[in-house]
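Take a look at the letters that make up each chain.
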Amino acid sequence: MPLMPTMQTQPPPILEITEFLGDPVAPADFPKTILRHRNQRAAESVGLAALDDEAWLRHFARFDPLPDNLPEPLALRYHGHQFGTYNPELGDGRGFLFAQLRARGDDGGKVGGGGENRGSRWLDLGTKGSGQTPWSRQGDGRLTLKGGVREVLAATYLEALGVNTSKAFSLVETGEQLHRGDEPSPTRSAVLVRLSHSHIRFGSFQRLAYLGDTESLARLVNHCVQHYYPEADDPAMDRMAPALLERIGARVAAMVGEWMAAGFVHGVMNTDNFNITGETFDFGPYRFLPQSDPNLTAAYFDQTGLYRFGRQPTQALWALSKLASALLPLAEQDDLAAALRPFEAAYQTRFARHTLALLGLEDGPDLDADLAFMSNFYAWMTETGVPWPQVFFDWFGGSASETRAAASPIANQYGDPLFAPVRDGLLGRTPDRASRLSHAYFQGETPASLLYDEIEALWAPIADADDWSAYHAHLDRLEQLRLAMAGPGSSTPAS
């Protein structure tokens, strides 16, 4: 089916700043294009649901431009701190910004679901594995199929849990054989397209500051305020820049609070892996906690545990401090430092609220009391090593699930005296829409999860026999989780 014009009332805003933000590039010419994942719900949010598979592959594997959009892909330029060390040799080395589209109606608030409705915002379609660019640095610009499968699974699960995340929009197998040091090789190749509200990274600001290009830095701040944070607008740049930083900080604090409640370990929290809209992206070697463990790292190469689970809030604030440093040519140091002070409170609030949301409980009237409950709850989780996903599943709805919890595979843990203060906290809080427990998802004994061994078990039949049945069944299970969390009549989870 031919693609209808997008009927956008203005050109993609990134075109305003391409001369310093990105480089036009050509996509790779892949020998094959086999569609492996198509996110129809996401396609509906940007008016692309009517594409047939042939047109889908033409645009999201061959990368023919969308009508009234970017005439050619843009590989974005940026720098970044990688494991604490500044690297001025970065940029989109195996991806590019392909298109910017306005959401059609309600895109679910945050891309990940939940939160305020931002349906009128721009949405970016960006790639991973789409070929070499000027920033590839000896790399082949490709993505392994396993890497793409892992990202589709993670984005789907995070969205189901109400975490602010980019969406895996498309995954196409491309017919090449790749060699990697961390996978059995040769291995299959793919190109991924992800959907998010912005692909502008902290490292884009860092690069301009490093180059001393204050004029372009000011233009980038203006661009981000105009198109993403209009409430930060101010005629004085020395006030606008801190206002923008404060709002970016609040979004990042919320995202990391959601990560911590979901037991998600990003793995590589370099400054080039943070974007201005506070969305989870560039998953890489992520993990979900099997048990509460503040020292769990996701990346085998994180030898010092810099990005371990329990350090994620600290690392996020550190990344924001590097963004603040990049803005020093535009504003006073004291004003930028003040813009970061709300981070801790924003993080604690979202961490507490999202934990309660994942437990199916209403927010309490007293945040301090909720935080005290969090302290008891997570201390018990860590001390006992109980299965993280199982506990949230068993006690969803608090008192409304007391009978369910008694039939859990780990019910003996709930009879332990150590659990008594946690039980009191759960039973003393009001269930949030307890009718959600009638969903078929909650009728079983075990939750949907995405642990490391599960991912390996899903990949094995794909690698061995091109058998995708277990993978699709797991995606269906994650969709049931999303619908169960959202409840009747809602398209997104509570957050």
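For every chain, the first residue of the written sequence is number 1, and numbering continues from 1 onward in sequence order. Where totals are concerned, whole chains, interfaces and linings use all residues; where local detail is concerned, this predicted model gives features only for residues with pLDDT of at least 70, and gives and counts side-chain atom pairs only at 80 or more. Only hydrogens and water are set aside when side-chain values are computed; all heavy atoms of the structure are taken into account.

Undergrad: An account of the overall build of the protein chain is requested, with residue identities and associated values reported.
TA: A tally of helices and strands in the protein chain yields 16 helices and twelve strands. Only C-alpha atoms enter the radius of gyration; for comparison, a globular chain is expected to reach 2.2 Å times N to the power 0.38, where N is the number of residues. The C-alpha atoms of the protein chain give a radius of gyration of 22 Å, which matches the 23 Å a tight globule of 495 residues would have. Type-normalised accessible area, obtained with a 1.4 Å probe on protein chains alone, sets the label of each residue: buried when under 20%, exposed when over 50%, and partly exposed for intermediate values. The buried share among the 495 residues of the protein chain stands at 58%. Using a 1.4 Å probe, accessible areas were evaluated by the Shrake-Rupley method; residue-level cover was limited to the displayed protein chains. With the model as given, the accessible surface of the protein chain reaches about 18,800 Å², and the carbon-plus-sulfur share is 51%. Charge counting treats Lys and Arg as positive and Asp and Glu as negative, with His and both chain ends excluded. A charged residue contributes its charge at one atom only: NZ of Lys, CZ of Arg, CG of Asp or CD of Glu. With 42 positive and 61 negative side-chain charges, the protein chain shows a separation of 2 Å between the mean positions of the two kinds. Each helix is a run of H or I in the DSSP string that is no shorter than four residues. Each strand is a run of E no shorter than two, and both are numbered from the N terminus.

Undergrad: How would you summarise the packing of aromatic side chains if you had to cite specific residues and measurements?
TA: The aromatic pairing rule takes the rings of Phe, Tyr and Trp, using the six-membered ring of Trp, and pairs them if the centres are within 6.5 Å, calling planes under 30 degrees apart stacked, those over 60 edge-to-face and the rest tilted. Per the stated rule, a full pass over the model turns up 36 aromatic pairs. On the basis of an interplanar angle of 90° and a centroid distance of 5.5 Å, the ring pair of F393 and Y441 is categorised as edge-to-face. One end of the pair, F393, is in helix α12 (residues 388-394); the other, Y441, is in the loop between α14 (420-427) and α15 (452-465), with 48 residues separating them in the sequence. Like F393, the residue Y441 is buried in the burial classification. One aromatic cluster is present, built from ring pairs that chain together F309, Y347, F351, F373, F377, Y378, W388 and F392. Lysine NZ or arginine CZ positioned within 6 Å of the ring centre and within 35 degrees of the ring normal marks a charge as sitting over the ring. Here R150 stacks its cationic end above the ring of Y286, 4.2 Å away from the centre of that ring. Its guanidinium or amino end placed over the ring of F393, R404 lies 4.8 Å from that ring's centre, counting from NZ or CZ.

Undergrad: So, the side chain of R194: which residues are in play, and what are the values?
TA: For R194, the position within the fold is in strand β10 (residues 187-196). At 2.9 Å, the side chain of R194 forms a polar contact with the side chain of E151. Pairs of N or O atoms within 3.5 Å make up the polar contacts considered here, provided that, within protein, one atom can donate a hydrogen while the other can accept it, and that residues adjacent in sequence are counted only when both atoms are side-chain atoms. There is a polar contact of 3.3 Å between the side chain of R194 and the side chain of D282. Contacts: residue pairs with any heavy atoms within 4.5 Å of one another. Not counting residues within four places of it along the chain, the set of residues in contact with R194 comprises D124, L125, G126, T127, K128, E151, S166, K167, F169, H199, F281 and D282.

Undergrad: Describe the nonpolar core, listing the residues and the values that go with them.
TA: Residue types Ala, Val, Leu, Ile, Met, Phe, Trp, Tyr and Cys, when buried and joined through side-chain atoms within 4.5 Å, form a set referred to as a nonpolar core. Formed by 123 residues in total, the largest nonpolar core has its most connected members in F205 and V252. Among the elements that take part in this core, helix α7 (residues 237-262) stands out by supplying 15 residues, more than any other. Beyond its immediate sequence surroundings of up to four residues, F205 is in contact with I200, L217, L220, V221, C224, I276, L323, A326 and L327. Counting residues in each nonpolar core, the second largest holds 28 residues, with V46, W56, L123 and L195 among its members.

Undergrad: Kindly report on the pattern of salt bridges, identifying the contributing residues and their values.
TA: Here, a salt bridge means any side-chain nitrogen of Lys or Arg that lies within 4 Å of a carboxyl oxygen of Asp or Glu. Summed over all chains, the structure comprises 30 salt bridges. A salt bridge links D282 to K128; its shortest N-O distance comes to 3.9 Å. Note that D282 is positioned in the loop between β11 (264-265) and β12 (287-288) and K128 in strand β7 (residues 122-128), a separation of 154 residues in sequence. This pair shows no difference in class: D282 is buried, exactly as K128 is.

Undergrad: Go over the confidence of the model for the protein chain, please, and point to the residues and values.
TA: Averaged over every residue, the pLDDT of the protein chain is 92; the share at 70 or more is 94%. pLDDT is defined as a per-residue confidence score from the predictor, taking values between 0 and 100. Every residue in residues 491-495 is under pLDDT 50, and counting partners more than four places away or in other chains gives 28 contacts.

Undergrad: Which residues make up unusual backbone geometry, and what values do they have?
TA: The backbone of D68 shows a phi angle near 60°, a positive value even though the residue is not glycine. Residue placement: D68 occurs in the loop between α3 (53-60) and β3 (74-76). Its identity is not glycine, yet R433 carries a phi of approximately 50°, on the positive side. Of note, R433 is situated in the loop between α14 and α15.

Undergrad: Give me the lowdown on α14, citing residues and values where you can.
TA: Turning to α14, its buried residues are V422, G425 and L426. For α14, the arc enclosing every buried residue in end-on projection is 100°, short of the 170-degree limit, so these residues lie on one face. In this structure, the buried side of α14 is in contact with α11 (367-384). Comment: arc refers to directions from the helix axis out to C-beta atoms.

Undergrad: Go over the environment of V25 with me, naming the residues and quoting the values.
TA: For V25, the location among the structural elements is in the loop between β1 (22-24) and β2 (34-38). With relative accessibility at 10%, the residue V25 sits in the buried group. Sequence separation of V25 and R251 is 226 residues, and the distance between their C-alpha atoms is 31 Å. Those residues within four positions of V25 in sequence are excluded, and the remaining contacts are E72, P73, A75, F96, T133 and P134.

Undergrad: Quick one: what's the story with the environment of D213, residue by residue and with numbers?
TA: Relative to the helices and strands, D213 resides in the loop between α5 (202-211) and α6 (214-227). Note on D213: relative accessible area 26%, which makes it partly exposed. On a C-alpha basis, the gap between D213 and I17 in space is 13 Å, while along the polypeptide they are 196 residues apart.

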